[in-house]
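# Descriptive structure summary
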Number of protein chains: 4
Amino acid sequence: MSLLETYKQVRSHTEYLCEPLEIEDFVVQPVLDVSPLKWHLGHTTWFFETFVLKPNDHNYKEFHPKYPYLFNSYYVSAGDRWERASRGQLTRPTVKEIFDYRKYVDQAMHQFLSDGNISEELKNVIILGFNHEQQHQELFLYDIKRILGDNPLYPSYREDLKETKAINEKFEWLKMDEGIYDIGFDGAGFHFDNERGKHKVFLHEFQIASALVTNGEFIEFIKDGAYRDPMLWLSEGWDWVQKNEVNAPRYWHQEDGGEWWNYTLGGYRKVSDDDPLCHISYYEADAFARWKNGRLPTEQEWEVACNMYSPNVLLKTNFVDNRQFKPIQTSDYDFFGNVWEWTASAYTAYPYYRPPKGALGEYNGKFMVNQMVLRGGSFGTSRNHIRSTYRNFFHPHLRWMFSGIRLAKHI
Amino acid sequence: MSLLETYKQVRSHTEYLCEPLEIEDFVVQPVLDVSPLKWHLGHTTWFFETFVLKPNDHNYKEFHPKYPYLFNSYYVSAGDRWERASRGQLTRPTVKEIFDYRKYVDQAMHQFLSDGNISEELKNVIILGFNHEQQHQELFLYDIKRILGDNPLYPSYREDLKETKAINEKFEWLKMDEGIYDIGFDGAGFHFDNERGKHKVFLHEFQIASALVTNGEFIEFIKDGAYRDPMLWLSEGWDWVQKNEVNAPRYWHQEDGGEWWNYTLGGYRKVSDDDPLCHISYYEADAFARWKNGRLPTEQEWEVACNMYSPNVLLKTNFVDNRQFKPIQTSDYDFFGNVWEWTASAYTAYPYYRPPKGALGEYNGKFMVNQMVLRGGSFGTSRNHIRSTYRNFFHPHLRWMFSGIRLAKHI
Amino acid sequence: MSLLETYKQVRSHTEYLCEPLEIEDFVVQPVLDVSPLKWHLGHTTWFFETFVLKPNDHNYKEFHPKYPYLFNSYYVSAGDRWERASRGQLTRPTVKEIFDYRKYVDQAMHQFLSDGNISEELKNVIILGFNHEQQHQELFLYDIKRILGDNPLYPSYREDLKETKAINEKFEWLKMDEGIYDIGFDGAGFHFDNERGKHKVFLHEFQIASALVTNGEFIEFIKDGAYRDPMLWLSEGWDWVQKNEVNAPRYWHQEDGGEWWNYTLGGYRKVSDDDPLCHISYYEADAFARWKNGRLPTEQEWEVACNMYSPNVLLKTNFVDNRQFKPIQTSDYDFFGNVWEWTASAYTAYPYYRPPKGALGEYNGKFMVNQMVLRGGSFGTSRNHIRSTYRNFFHPHLRWMFSGIRLAKHI
Amino acid sequence: MSLLETYKQVRSHTEYLCEPLEIEDFVVQPVLDVSPLKWHLGHTTWFFETFVLKPNDHNYKEFHPKYPYLFNSYYVSAGDRWERASRGQLTRPTVKEIFDYRKYVDQAMHQFLSDGNISEELKNVIILGFNHEQQHQELFLYDIKRILGDNPLYPSYREDLKETKAINEKFEWLKMDEGIYDIGFDGAGFHFDNERGKHKVFLHEFQIASALVTNGEFIEFIKDGAYRDPMLWLSEGWDWVQKNEVNAPRYWHQEDGGEWWNYTLGGYRKVSDDDPLCHISYYEADAFARWKNGRLPTEQEWEVACNMYSPNVLLKTNFVDNRQFKPIQTSDYDFFGNVWEWTASAYTAYPYYRPPKGALGEYNGKFMVNQMVLRGGSFGTSRNHIRSTYRNFFHPHLRWMFSGIRLAKHI
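Residues numbered from 1 in each chain as written. Chains lettered and ligands numbered in written order. Predicted model: local features only at pLDDT ≥ 70, side-chain atom pairs only at ≥ 80, totals over all residues. Heavy atoms only, no water.

## Remarks on the overall build of chain A
- The secondary structure content of chain A amounts to 9 helices and 12 strands.
- Its C-alpha atoms give chain A a radius of gyration of 21 Å, within 12% of the compact-globule value 22 Å for 411 residues.
- Taken over 411 residues, chain A has a buried fraction of 63%.
- Excluding contacts between residues fewer than 6 apart, the proportion of contacts in chain A whose partners are at least 24 apart in sequence is 78%.
- Side-chain charges in chain A split into 46 positive and 57 negative, and the spacing between the mean points of these groups amounts to 2 Å. (Helix = DSSP H or I, 4+ residues; strand = E, 2+ residues; numbered from the N terminus. Rg over C-alpha atoms; globule rule 2.2 N^0.38 Å. Buried < 20%, exposed > 50% of the residue type's maximum accessible area, 1.4 Å probe, protein only. Contact = heavy atoms within 4.5 Å. Lys, Arg positive; Asp, Glu negative; His and termini not counted. Charge placed at Lys NZ, Arg CZ, Asp CG, Glu CD.)

## Some details on the interface of chain D and chain A
- At the interface, 37 residues of chain D touch 37 residues of chain A.
- Between chain D and chain A, roughly 2,900 Å² of surface is buried when both sides are summed, and carbon and sulfur atoms account for 63% of that area.
- The tally of links between chain D and chain A comes to 0 salt bridges.
- Here chain D and chain A share 12 residue pairs in polar contact (both at pLDDT 80 or more) between them.
- Among the secondary structure elements, those contributing two or more residues to the side of chain D that touches chain A are strand S3 (199–203), helix H7 (235–244), helix H8 (282–291) and strand S8 (340–346) of chain D.
- The biggest single contributor to the side of chain D that touches chain A is S3(D), with 4 residues.
- Partitioning the side of chain D that touches chain A into residue classes produces 19 nonpolar, 11 polar and 7 charged. (Buried area = accessible area lost by both parts, 1.4 Å probe. Salt bridge = Lys/Arg side-chain N within 4 Å of Asp/Glu carboxyl O. Polar contact = N/O pair within 3.5 Å; in protein donor to acceptor, adjacent residues only side chain to side chain. Nonpolar A, V, L, I, M, F, W, Y, C, P; charged D, E, K, R; others polar.)

## What about the side chain of Gln300(C)?
- If you trace the backbone, Gln300(C) turns up in helix H9 (residues 299–309).
- Apart from the residues within four sequence positions on either side, Gln300(C) is in contact with Ile183(C), Val201(C), Leu203(C) and Ser345(C).

## Description of the packing of helix H1 (residues 3–18) of chain B against helix H5 (residues 120–149) of chain B
All names here are of chain B.
- It is the contact of H1 with H5, at a shortest axis distance of 10 Å, that shows an interaxial angle of 15°. With respect to their mutual orientation, H1 and H5 come out roughly parallel. For H1 against H5, the interelement crossing comes out left-handed. Contacts from Leu3, Thr6, Tyr7, Val10, Arg11, His13, Thr14, Leu17 and Cys18 of H1 reach H5 at Lys123, Ile126, Ile127, Phe130, Glu133, Gln134, Gln137, Phe140, Leu141 and Ile144. (Axes fitted to C-alpha atoms, helices over the stretch in contact; angles between N-to-C directions. Parallel < 35°, antiparallel > 145°, perpendicular 65-115°, else oblique. Left-handed = near helix turned anticlockwise from the far one by under 90°.)

## What to know about the relation of the copies chain A and chain B
- Relative to chain B, chain A is turned by 180° and slid 0.1 Å along the rotation axis, the superposed coordinates differing by an RMSD of 0.0 Å. Between the two chains, the operation in question is that of a two-fold axis. (Least-squares fit on C-alpha atoms with pLDDT ≥ 70 in both.)

## Quick look at unusual backbone geometry
- Omega for the bond connecting Arg92(A) with Pro93(A) falls within 30 degrees of zero, at -5°, which places this linkage in the cis form.
- Among the structural elements, Pro93(A) can be located in the loop between helix H3 (67–71) and helix H4 (95–115).
- In this structure, Asn293(B) takes a positive phi of about 60° despite not being glycine.
- Along the chain, Asn293(B) falls in the loop between helix H8 (282–291) and helix H9 (299–309).
- In this structure, His279(D) takes a positive phi of about 65° despite not being glycine.
- For His279(D), the location among the structural elements is in the loop between strand S7 (267–270) and H8.

## Observations concerning helix H2 (residues 37–56) of chain B
All names here are of chain B.
- With 20 residues, H2 should reach 28 Å at 1.5 Å per residue; the first-to-last C-alpha distance of 28 Å fits that figure.
- The largest bend along H2 measures about 35° and falls at Glu49.
- Of all the 20 residues making up H2, 17 are buried; the element is thus mostly covered by neighbouring parts of the structure. (Expected span 1.5 Å × (residues − 1). Bend = angle between axes of the 7 residues up to and from the residue.)

## Focus: the confidence of the model for chain A
- Averaged over chain A, the pLDDT score is 94; the fraction of residues at 70 or greater is 97%.
- Taken together, the chains of this predicted complex give a pTM of 0.96 and an interface ipTM of 0.96. (pLDDT = per-residue confidence, 0-100.)

## Brief notes about the domain arrangement of chain A
Residue and element names in this part refer to chain A.
- The domain architecture assigned to chain A consists of domain 1 (3–149) and domain 2 (173–410).
- Taking both partners together, domain 1 and domain 2 bury about 2,800 Å²; carbon and sulfur atoms supply 61% of that area.
- Among the residues domain 1 hides against domain 2, the three largest losses belong to Tyr74, Tyr142 and Lys145. Together they make up 24% of the total.
- Applying the counting rule to domain 1 against domain 2 returns 0 salt bridges.
- Where domain 1 meets domain 2, there are 17 residue pairs in polar contact (both at pLDDT 80 or more).
- For the side of domain 1 that touches domain 2, the secondary structure elements donating two or more residues are helix H1 (3–18), helix H2 (37–56) and helix H5 (120–149).
- For the side of domain 1 that touches domain 2, the element with the most residues is H5, which contributes 18 residues. (Domains from an automatic or database assignment.)

## Comments concerning the packing of aromatic side chains
- Inspection of every chain in the model, using the stated rule, returns 210 aromatic pairs over all chains.
- Plain terms: the ring middles of Phe48(A) and Phe130(A) are 6.1 Å apart, the flat faces sit at 50° to each other, and that makes the pair tilted. Of this pair, Phe48(A) sits in helix H2 while Phe130(A) sits in helix H5; the two residues are 82 residues apart in sequence, bridging distant segments of the chain.
- Overall, Phe48(A) belongs to the buried group, its relative accessible area being 1%.
- Of note, Arg158(A) hangs over the ring of Tyr157(A), and the distance from its end group to the ring centre comes to 5.9 Å.
- The ring of Tyr251(B) carries the charged tip of Arg250(B) above its face, separated from the ring centre by 4.9 Å. (Phe/Tyr/Trp six-rings, centres within 6.5 Å; stacked < 30°, edge-to-face > 60°. Lys NZ or Arg CZ within 6 Å of the ring centre and 35° of its normal.)

## Topic: the interface of chain A and chain B
- Taken together, the contacts link 29 residues of chain A with 29 residues of chain B.
- At the boundary of chain A and chain B, one finds 2 salt bridges.
- Where Arg92(A) meets Asp25(B), a salt bridge forms, and the shortest distance between an N and an O atom there is 2.6 Å.
- Every element with two or more residues in the side of chain A that touches chain B is listed here: H3, H4 and H5 of chain A.
- In terms of residue count, H5(A) provides more of the side of chain A that touches chain B than any other element does, 3 residues in total.
- When grouped by side-chain class, the residues that make up the side of chain A that touches chain B number 15 nonpolar, 6 polar and 8 charged.

## Some points on the sheet that holds strand S9 (residues 372–375) of chain B
All names here are of chain B.
- Strand order in the open sheet made by the 4 strands is S10-S9-S8-S11, with mixed pairing throughout. Two strands bound the open sheet, and with one partner strand each, they are strand S10 (392–394) and strand S11 (403–404).
- Of the pairings in the sheet, the one linking strand S8 (residues 340–346) to S9 comprises 3 bridges and is antiparallel in character. For Ala346, the partnering residue across the bridge sits in S9 and is Met372.
- Each of S8 and S9 touches H9; the most contacted strand, S8, lies at about 135° to it. (Pairing = 2+ DSSP bridges.)

## Observations regarding the pattern of salt bridges
- For the structure shown, the criterion picks out 104 salt bridges over all chains.
- One salt bridge in this structure joins Arg375(C) and Glu303(C), with 2.9 Å as the shortest N-O distance. Of this pair, Arg375(C) sits in strand S9 (residues 372–375) while Glu303(C) is found in helix H9, placing the two residues 72 residues apart along the sequence.
- Overall, Arg375(C) belongs to the buried group, its relative accessible area being 0%.
- For Arg250(D), the salt bridge is made with Asp150(D), and the minimal N-O distance between the two is 2.7 Å. With Arg250(D) in the loop between H7 and strand S5 (252–254) and Asp150(D) in the loop between helix H5 (120–149) and strand S1 (173–176), the pair connects residues that are 100 residues apart, well separated along the chain.
- Owing to a relative accessible area of 24%, Asp150(D) belongs among the partly exposed residues under this scheme.

## A word on the arrangement of the chains
- Taking C-alpha atoms only, the smallest gap left between chain A and chain C, which are not in contact, amounts to 14 Å.
- Separated in space, chain B and chain D share no contact, their closest pair of C-alpha atoms being 14 Å apart.

## Focus: the sheet that holds strand S11 (residues 403–404) of chain A
All names here are of chain A.
- As summarised here, the arrangement of the 4 strands in space is S10-S9-S8-S11, forming an open sheet in which the pairing is mixed. Every other strand in the sheet has two partners, leaving strand S10 (392–394) and S11 as the edge strands with one partner each.
- Examined bridge by bridge, strand S8 (residues 340–346) and S11 share 2 bridges and lie parallel to one another. By the bridge assignment for S11, Trp340 is matched with Ser403.
- Along the sheet, helix H9 (residues 299–309) makes contact with S8 and strand S9 (372–375), crossing S8 at roughly 135°.

This is the structure in structure tokens:
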């Protein structure tokens, strides 16, 4: 696909995600981590305006002098910005005005990309812009779910989502031999700076599960009283459970009679035992693994096992283009899609890591502390966005994203 | 006016206030004290549904089973309610749905009020509903200003507001003799429970200002370094100044060159020296009075002076029907309208105070601690809503409401 | 008594209170409101050094250049000071060093007071110093109780305190006629600035209880579920109950079997039904009065009733010189001692109030917001410290001081 | 040394550390992380009482029934405990009573260790008790410094500490070859569970500094404006700098004229340029490395370099038995003592990690999230306590411990 075609395809997916929503849904910020949906629309557009059009297109005229201030996220070197915690206080610009901003920048980008003559370096920035927007598309889904799923009216995001029957896979422990493996990205295509620096690691032999932990398995964990047993938890995890009175995954509610129901993007439904578990924190993933006498894989173990058993990402199924908007087991040995898988690895720099110069060097490197790595993408991820070397990362207490568990163990 | 006519008039004023707004403006709650505008629309409607229609109209069918949960404010005896601090997280029901709710309840109320046969007790509840909605109409204006006025785009609430020239009144000290005075409501018309219990007080002789403190006078206070001099402030006031880095009234900004500008409902404008000061906390009112070698009047002093010098509220000018949407000096000796006037009196019970039985007994009485009394109404108040005995009350640190100063002193 | 004799008597009472304590007890600050005991020792000494010796005794040499910084409380005009919230972090100066400081200042004061030639103005400052130290002696007892009473070992403050049998008084409603009364101090002796400004008030007729509310009566309130009934509470009171899970007065614990026990300065003991209730917040006092169909008296009602029924403070019994260290009913109509009595009055300025010039003007005036008035003194008060016009004040949520209830009602 | 001799030696070191202190110093807890010194004395004693005497010595009688509640730290399986954040509120038991407790347990332990017949498993618990007390001895020094060093009187911990002249070492980059290395403990002696599970890692070639970063080098970092340049910091590090207004290492103050002084355990002194840098957070270590175009070593790199260049810990110098009570460069290639060295590694489990069963399994494993590893020991560490495999860990924002920097880089 040409840059222009990809640009159109990526940008139109954002609009597709907006379709079922009401204007009101675009405005609020219930907690710091959830940005208003309209902010995502402006911010992804600001990225192209700031890093592509303004420095490279001499005909381009800034859409609005205050928008950079409103839509910069955390790029210190790109100038001052409105405080993140107060994004949900801004009712203006309106959703319509932000869509006008998108159209204005889209027109300029269409022209600019048609004119050709784009340096390799700038091309990389543009492709980074695509991946950046894809990341925000996935955040957009997390945030929609957080906004609608805590509303006592439980409004559906989409009315047209069917209950897909999960395929109950045969569970296997997949064996991996000890040895020296290559880790990290070393090809020609797009990748983030944090996965660069291909390097060798020695792995002892281990086993990794062929399938994700299911809701049914997690209900056993709950029934066994695990949320009330401090011996299963990391100390900070136990504090988190106590302080927040956590007793189930996010969006789960126990109805009279004891059945577990949960909010899904298709509405309020009974928890399906065979579906992959979703919306758990690292603390819960870690406690579950301990309870099950297993452990989480390291990110290196995950990467080499994925390369072995799930080499071709394009064949795999449950990405956002699947339009399920929920995790569902669909094929054997699938390390991609469905839910991001918590690993036992803290997010730190690879041996030869160097962030790029300038504002884009702030993209990944400055977050390398106090977060854990997740791998594999989710049902909200775009198919052409993910790789086996892709490193996602979140703070261990978070669980509004689409996160789940694949177990590992020693032999 | 008949009950029906008054109902229509009060309810349509709410819709008038909504006209200039965008849907986005109705959704957010920037701080605890500011409720989403759409919540006000639902809550005032819930009042009529809950206290008039459901107990009295046997034909009435509840509009939605969850709305009482969403739109009850603080009436413990009226059932559970959604947490106040989280009102701004709810994007649904949409603004349109809430207007549908209003129309549905309005139709039922029109029918009910046309059918007649309304007991005196129920009539009082209905009139309370009118006054309740009028209070929320004024809060609605405070909240609009808070939402638009902190937006760096400074969007106007109304584009059609002209800069009215203030009449620079001749300032006088009005004398009041010592003696025994009657305080509180004792007539036949509507009044709140907290102003009932007419009783006698002895007042020593005093003087009270004929006019409100102006912006120009307050700029002198600022220039004199008053915001940096702890000796002028109550101890908690000084803590508040320090912690919040307060150096001017709310919505004021000092531009390069030193000129003071402020956000008004007509947009961002230069502070007008002759206009009455607005948007100050009790702490600032108290510090200003000390700096000026005066004091604030007690609520009793205010009430008897108002009865003496400003007896006929209906002749007075700058209420919300004036459509100025800002304070402006317009006539001599006017104790009504423009800005609520901070008094030196804490909000406590009158000697014979008894709250009514039931949920409506929660209206005023349970707030009688840690708040200060304000008197007289503002440019956001409805003309038929105010009286000389009317007791408004706010916490001393608040200033998003339309609050100002009238000085008093001993002779 | 001469100034010198009074000085010695007041200062030695501080040392008497210290006698039973361990060094460790002098160091900690469990919450903001509780100052370390050794800080009280230093601060009261600093008062005489700063306001008497340094400006008036040319031979006096400052004890230590950093002590003013460490022992100034809140007198902005007396210079910088160590942050109040961090007093409990300072292990030095040691208790012994602070006693050395006391001795050093005492010697200088003895000499200074012996030399005579003290102006009337300075004499007033010295007497203010006595009253200041007496206030801190009482705070010292509150703080001792807070420090020892929350320790799971429940160490006694004094081992020699006997269980005194309460006299079960005949309860009466004392009647007061309507009329104009004088309020405030107008004599020759010592008084605080906040009680000055004798003025007239009109009071409607009322009744006031001859005795304090007892523990037994309050147990009925608890048994009736009052701590779980929001309709009995001020809104902020109910929030306070919920947030702090309050279900009894401070220092009360319900043992297995349901009996109420409480920490007293004599150790952990069964709650005595006939003793006056102690350690309640304004919120609890207000809720109890409502539950009992009464109300709290205003401070004006309290003062005129006290002048009528309890005119001679010196005849009354349960002050700190009684060495009971607990409240106990001992004689009829006694408005003094035992427990400070919450009134329905917010702490605001009297009509003609003017604070003195200079640092001592910060003593009382700057606290006149968000606090409620208490009257009458307690079992921790010095007999020669209290008057019927004396206005004590605390925030409504506090209850580590010796606070109780006397009811009033309308006729 | 026999168990008994080691017991006596370890326990007496605690008393040695207490010698110069005042009783007041033992009581306070200025922040959550700093426990009262007397608590350390009780807690280390409780360890022997709880895990050695009570389950194994049938003659042993518990010293006090409430002490387990007061002195358990975080061992959930060992019973309820007093809340950590409130340790500083307890003035009782007194220091003397806790020393009595120590003597009582010491006598029982002396007898028990003399009687012999101790199983291998119990022996390991006793030796863990020694190491546990040694860890608290080091924390004791951190906490002393925190308590005295923030006091505006700057009291010395010891008056007898001389200014030792640092040896200005020749700085070298030490080279390490790429290859497979063994990591973790695999011998016969004492070790913690978290360093067990010897395993192989592949390391690419790297260089590591022969010496620690000095104060002089860090002053250059400050002078270069590094504390004001967000591009040098991790995002959470920058937030930490801003929120806490950090502009220098802990205990440093810039005096008039610009010279840097710092509180040391010997008092307030000028910062010595040649001494190793101490009291920095991970954020500062990471920012300094970035500014210097280097990086921190991983814990694996540190361990193999230490094994290569600094194999014999016993020959090394600046441990607590040196009685310097400060870091000082004393010999070449010394990876031990002086300051704990921040590594780039998050504290997570080794591949074959399994915590022990029971309460002692709570010792290390439950903290394996959100902390960073430090290696090598400090001037506060006991010589027989440290190993090249020893993993210490702290949250990245902490710096009251003796922490510094050794740089690494790629070749």
